[in-house]
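Structural overview for review
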Protein chains: 2
Amino acid sequence: MQVVPVVLCGGTGTRLWPVSRRDHAKQHIPLFGGESPFQRTLRRLAEVPGLGKPIVIAGQSGRFLAADQAQQAGIDIELVIEPVGRDTLPAVTLGALLAARRGPDAIAFVLPSDHYVPDEAAFAAAAGQAVAAAAGGDLVVFGLKPTGPATGFGYIRPGAPSSGPARRVEDFVEKPDAARAAELVAEGCLWNSGMFAFRAEAGLAEIGRLVPDALAAVTRAVDSASVDLGALRLGDDFSTAPKVSFDVAIMEKTGRAVVVPADFAWSDVGDWHEIWSLAPKDANGVAVDGVAELLDVRNSYIRGAGRLIAAIGVEDLVVVDTPDAILVSRMDRTQDVKLLIDQLRAHGRTEADTPARVHRPWGWYQTVDLGERFRVKRIQVPPGKQLSLQKHHHRAEHWIVVRGTAEVTRDSEVITVRENESIYLPAGCVHRLANRGRIPVELIEVQTGGYLEEDDIIRIEDDFGRA
Amino acid sequence: MQVVPVVLCGGTGTRLWPVSRRDHAKQHIPLFGGESPFQRTLRRLAEVPGLGKPIVIAGQSGRFLAADQAQQAGIDIELVIEPVGRDTLPAVTLGALLAARRGPDAIAFVLPSDHYVPDEAAFAAAAGQAVAAAAGGDLVVFGLKPTGPATGFGYIRPGAPSSGPARRVEDFVEKPDAARAAELVAEGCLWNSGMFAFRAEAGLAEIGRLVPDALAAVTRAVDSASVDLGALRLGDDFSTAPKVSFDVAIMEKTGRAVVVPADFAWSDVGDWHEIWSLAPKDANGVAVDGVAELLDVRNSYIRGAGRLIAAIGVEDLVVVDTPDAILVSRMDRTQDVKLLIDQLRAHGRTEADTPARVHRPWGWYQTVDLGERFRVKRIQVPPGKQLSLQKHHHRAEHWIVVRGTAEVTRDSEVITVRENESIYLPAGCVHRLANRGRIPVELIEVQTGGYLEEDDIIRIEDDFGRA
């Protein structure tokens, strides 16, 4: 019996804007320092005995981050790319289909990539119970023991005992208001964690019975999938799958739902209020991550990005700074960051989705200064990567290497540019930057010209299929 | 009878931090767009008929800003540099001494450089009344008609009629609490504006009688003054003058105080609450200067510096962003920015006093990126200016000109570097940047090396006496 982890990695984490954005979502951001939630999820799974290679389901914008971060963590994954996010039913169906290929008895162990679970041993024990409960063909959900009357989660009412600690699910309860939440906690209901385990065949049978369109669409998408730079890229049929959650479409409808009660520390890190709850705080209830100077500040979360944040006389406030956007929110309104993002998009603000530091498959860049006819970028290329062979019609570029050694192709020349050396790339020249060394190449690029946007680029050759 | 404006320009405007800082104070910052308060003060004076050339009293850190901004405004000034700020009594004494040199009947018309007075005609009319009242030898203060029970100003109780609209001062009242302020307004008291007019001889006589040490110290400082790059630099004796305000030391003690009631719009722009009061606001009472995205925000002031500021559910809040520091303050605590600055200084934070854009006599620079062994600066040099001839032990510099044409001296060479050209300055080379052209030179400097602080500089020659 093989247990196959299915890591859902396609979320966009918009409620942690401006740190988390569509193009660089929270599961890839070291929210608490060190490794990212995605990397910690992979490590947590590695502590559970007997699991197979994790299937990671990522979106288009997160695929290179997922691959790079798994590689950095030294954990081998099977990466699958959703052409478009369709909520959790299609993703879970996909995970079950791919798990079923590993063997007729395979159990899919489905979990999000962005949860905070500090106690790996307790997690491993609960995972073992869930897998045991799933072996008989039931669909198992982890039910977390509530630590308070939270209104941000659905609740599960456990019913008759099933095998071991598992209980039949009597009822799923939608996110409640505060009064109802307190009642549910008193009645012994559990938080719906969004983590599931089931025999792949059993899960697919229920999906096929309850939402046959979903199974059909995802099956077609898998059948027409192609291998793309080491990942499996699903066919376009995926986008025809119904956009619905696995909870609503399957767990709430099936007669085979059981819940395994779990009692480890857990958070879905759903908004800044939650981050504040988890963070270490001073005697005034203030959590600071960064450089802050405070005068009479209480019950607040302050997160910087290098700049000094000074605050006077505020309470119950969230202040989050990033290189291109600052959020100031009342602590009890942090769920509304989602509405703010909608408003930003409606106003055409690119800050809604794209961070200042833009990750590309070859590394990253960040605009550090912008003037009337110039733009200054900091660029980093990890060892072994190279940008596309490219040219620009409207801009010239000066590259000054400040770390590592770059190999620069300029028309017919190939030039080695070392730390503290520079090279000039006139408009129209065909050029490429490659890092053949053992440490990252970091450089400052000064662009000059009348038009300095990203779309002035002609790619002649590319490692990442963009030419 | 000559009227000599004395413009007090030595203030540091700390309560408007982080926009205003010791090294670039609010009188030199275009707080409401367009010209700076100092420039508007000079223009306002230019509208008053019959005034002589203004005497501008600046501090060491503001002297080049004052000179440059007066020149930009096309107004000729007599610039005097206080070696150290000693509150207003020494500055007013200095103004009176210099005014007295213009003629035996000279009238000193003393005013701060950072006040907001939109109606120049009303100001000119009141100035005429004050000068007329001063002609007989009285010491005249402008008393502004209160627009509300402000607690941030001293009050003046007018007494018996003097000449014209002037009244003898019956009493000066210290900054009151809110209840007392309401009583004072009801009793017909006026705001003490900090603007004065008096015959220079009469003022000096009162100063000599009431605070002889001040008159003696300032007289010695003037006698030992030297001419320094077109300004008068006072001798060190200035620092021995008592540090006290002209109001407290003279106006509250003299028997010759009269008040000229004035009724024009006026503000001392003393804190962010005041800026918010003066700024245009939307229906929710929110004033925005910059790029903001707001959700349920009320009665707040949002000031950006390029970055997006997003706010949710806050009210009575001030958010002010600058390239290196952000302030978030309750609206009714903006006076406490002063305490915050003390705290910043105690913690050794340079943001307390020095802005990201550092003004030098030759132009300005701003660090736009900083890494482990590199620093990137944007540098601007106006036409006709040049930096010192200098060298650095520990850093090399790459200069990329992005606007204008630079003349670069590098050891024995003199090289013209045009827009979109670059030059390399190895560590240890003797170099200089000069702008001989008609438009500003703007360049990106990339420094590399193990030590990248400002004090790695040896000046061999300098236009500004720093070699």
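Up top is the structure these notes are about.
The structure reproduced in this document is the subject of the present report. (Residues numbered from 1 in each chain as written. Chains lettered and ligands numbered in written order. Predicted model: local features only at pLDDT ≥ 70, side-chain atom pairs only at ≥ 80, totals over all residues.)

Quick word on the overall build of chain A
Per the secondary structure count, chain A includes 10 helices and 28 strands. Over its C-alpha atoms chain A spans a radius of gyration of 24 Å, differing by no more than 12% from the 23 Å that the globule rule assigns to 467 residues. The 467 residues of chain A split such that 49% are buried. Relative to all contacts within chain A whose residues are 6 or more apart in sequence, the contacts with residues 24 or more apart total 66%. (Helix = DSSP H or I, 4+ residues; strand = E, 2+ residues; numbered from the N terminus. Rg over C-alpha atoms; globule rule 2.2 N^0.38 Å. Buried ≥ 20, exposed ≤ 12 C-beta atoms within 10 Å, placed from the backbone. Contact = placed C-beta atoms within 7 Å.)

Remarks on the environment of A:Gly203
Residues and elements named next belong to chain A. Position of Gly203 among the secondary structure elements: in helix 6 (residues 200-210). Along the sequence, Gly203 and Ala179 sit 24 residues apart, while their C-alpha atoms lie 35 Å from each other. Leave out the neighbours within four places in its chain, and Gly203 touches Ala96, Ala108, Leu139 and Phe198.

What about the interface of chain B and chain A?
Between chain B and chain A, the contact holds 49 residues from the first and 49 residues from the second. When grouped by side-chain class, the residues that make up the side of chain B that touches chain A number 25 nonpolar, nine polar and 15 charged. Two elements, strand 17 (residues 325-330) of chain A and strand 13 (residues 301-312) of chain B, share five bridges in a ladder whose sense is parallel. The residue of strand 13 of chain B that forms the bridge with A:Leu327 is B:Ala310. (Nonpolar A, V, L, I, M, F, W, Y, C, P; charged D, E, K, R; others polar. Pairing = 2+ DSSP bridges.)

Section: the sheet that holds strand 16 (residues 357-360) of chain B
Residues and elements named next belong to chain B. Across the sheet, which stays open at both edges, the six strands sit in the order 16-17-18-25-20-23 with antiparallel pairing between neighbours. A strand with exactly one partner marks an edge of an open sheet, and here the two such strands are strand 16 and strand 23 (422-425). Averaged over all pairs of adjacent strands, the angle between their axes in this sheet comes to 20 degrees, without regard to strand direction. (Axes fitted to C-alpha atoms, helices over the stretch in contact; angles between N-to-C directions.)

Let's talk about the pairing of strand 25 (residues 441-449) of chain B
Residues and elements named next belong to chain B. Burial within strand 25 is extensive, with seven of its nine residues counted as buried. One ladder, built from eight bridges, connects strand 18 (residues 374-381) with strand 25; its direction is antiparallel. Bridging across to strand 25, Arg375 finds its partner in Gln447. Where strand 20 (residues 395-403) lies against strand 25, eight bridges are found, and the strand directions are antiparallel.

Here we look at the relation of the copies chain B and chain A
Note that the two copies of the chain are related through a rotation about an axis and a translation along the same axis. By a simple turn and slide, chain B fits onto chain A: the slide is 0.0 Å along the axis, the RMSD is 0.0 Å, and the turn is 180 degrees. Considering both components of the superposition, the chain copies are consistent with a two-fold axis. It is B:Val368 whose C-alpha, among those of chain B, lies nearest the rotation axis, at 3.0 Å. Most of the interface of chain B is mirrored in chain A, where 100% of its interface residues are also at the interface. (Least-squares fit on C-alpha atoms with pLDDT ≥ 70 in both.)

Observations regarding the pairing of strand 26 (residues 431-434) of chain A
Residue and element names in this part refer to chain A. Only one face of strand 26 is covered, namely the face carrying His431 and Leu433; the face carrying Arg432 and Ala434 is uncovered. Judged from the four bridges that link them, strand 23 (residues 406-410) and strand 26 form a sheet pairing that is antiparallel. Counterpart to Val408 in the pairing with strand 26 is Leu433.

Focus on the sheet that holds strand 18 (residues 357-360) of chain A
The strands making up a sheet are joined through hydrogen bonds of the backbone, oriented either antiparallel or parallel. Residue and element names in this part refer to chain A. A sheet is described by the order of its strands in space; here six strands give the open sequence 18-19-20-27-22-25, paired in antiparallel fashion. Each end of this open sheet is capped by a strand with a single partner; those strands are strand 18 and strand 25 (422-425). Between one strand and the next, the sheet's axes are offset by a mean angle of 20 degrees, whatever the strand orientation.

Examining unusual backbone geometry
The omega torsion of the bond from A:Trp17 to A:Pro18 falls at 5 degrees, within 30 degrees of zero and hence cis. Turning to its location among the elements, A:Pro18 is positioned in the loop between strand 1 (3-9) and helix 1 (37-46). Of note, the phi angle at A:Asn420 is positive, near 70 degrees, even though the residue is not glycine. In this fold, A:Asn420 is placed in the loop between strand 24 (413-417) and strand 25. Taking the number of C-beta atoms within 10 Å as the measure of exposure, A:Asn420 has 21 and is therefore buried. For B:Asp296, which is not glycine, the phi torsion reads 55 degrees and is therefore positive.

A short note on the packing of helix 3 (residues 88-100) of chain B against helix 7 (residues 212-223) of chain B
All names here are of chain B. Direction vectors running N to C along helix 3 and helix 7 enclose 60 degrees, while the axes themselves pass 9 Å from each other. Taken as axis vectors, helix 3 and helix 7 run oblique relative to one another. The interaxial crossing formed by helix 3 with helix 7 has right-handed handedness. For the pair helix 3 and helix 7, contact is made by Leu89, Pro90, Thr93, Leu94 and Leu97 and by Ala214, Leu215, Val218, Thr219 and Val222, respectively. (Parallel < 35°, antiparallel > 145°, perpendicular 65-115°, else oblique. Left-handed = near helix turned anticlockwise from the far one by under 90°.)

Some remarks on helix 10 (residues 337-346) of chain A
One turn of the α-helix equals 3.6 residues, which is why residues spaced by three or four share an orientation. Residues of helix 10 of chain A that are buried include every one of A:Val337, A:Leu340, A:Ile341 and A:Leu344, and no others. One side of helix 10 of chain A holds all its buried residues, which, seen down the axis, span an arc of 100 degrees. Among the exposed residues of helix 10 of chain A, those oriented more than 90 degrees off its buried face are A:Asp342 and A:Ala346. Along its buried surface, helix 10 of chain A packs onto strand 17 of chain A together with strand 12 (287-295) and strand 13 of chain B. Note on helix 10 of chain A: the residue one or two positions beyond its end, A:Gly348, has a positive phi of about 70 degrees. (Arc of directions from axis to C-beta.)

Looking at the environment of A:Pro146
Residues and elements named next belong to chain A. Take Pro146: it is sitting in the loop between strand 5 (139-144) and strand 6 (155-161). What makes Pro146 partly exposed here is the crowd of 18 C-beta atoms within 10 Å. For the pair formed by Pro146 and Gly404, sequence separation is 258 residues and the distance between their alpha carbons is 50 Å.

Quick look at the environment of B:Val110
All names here are of chain B. Here Val110 is to be found in strand 4 (residues 107-112). For Val110, a count of 26 C-beta atoms within 10 Å gives the class buried. Remark: the alpha-carbon pair of Val110 and Phe198, spanning 88 residues in sequence, is separated by 8.6 Å. With sequence-adjacent residues up to four places away left out, Val110 is seen in contact with Val6, Leu8, Val92, Gly95, Met195 and Phe196.

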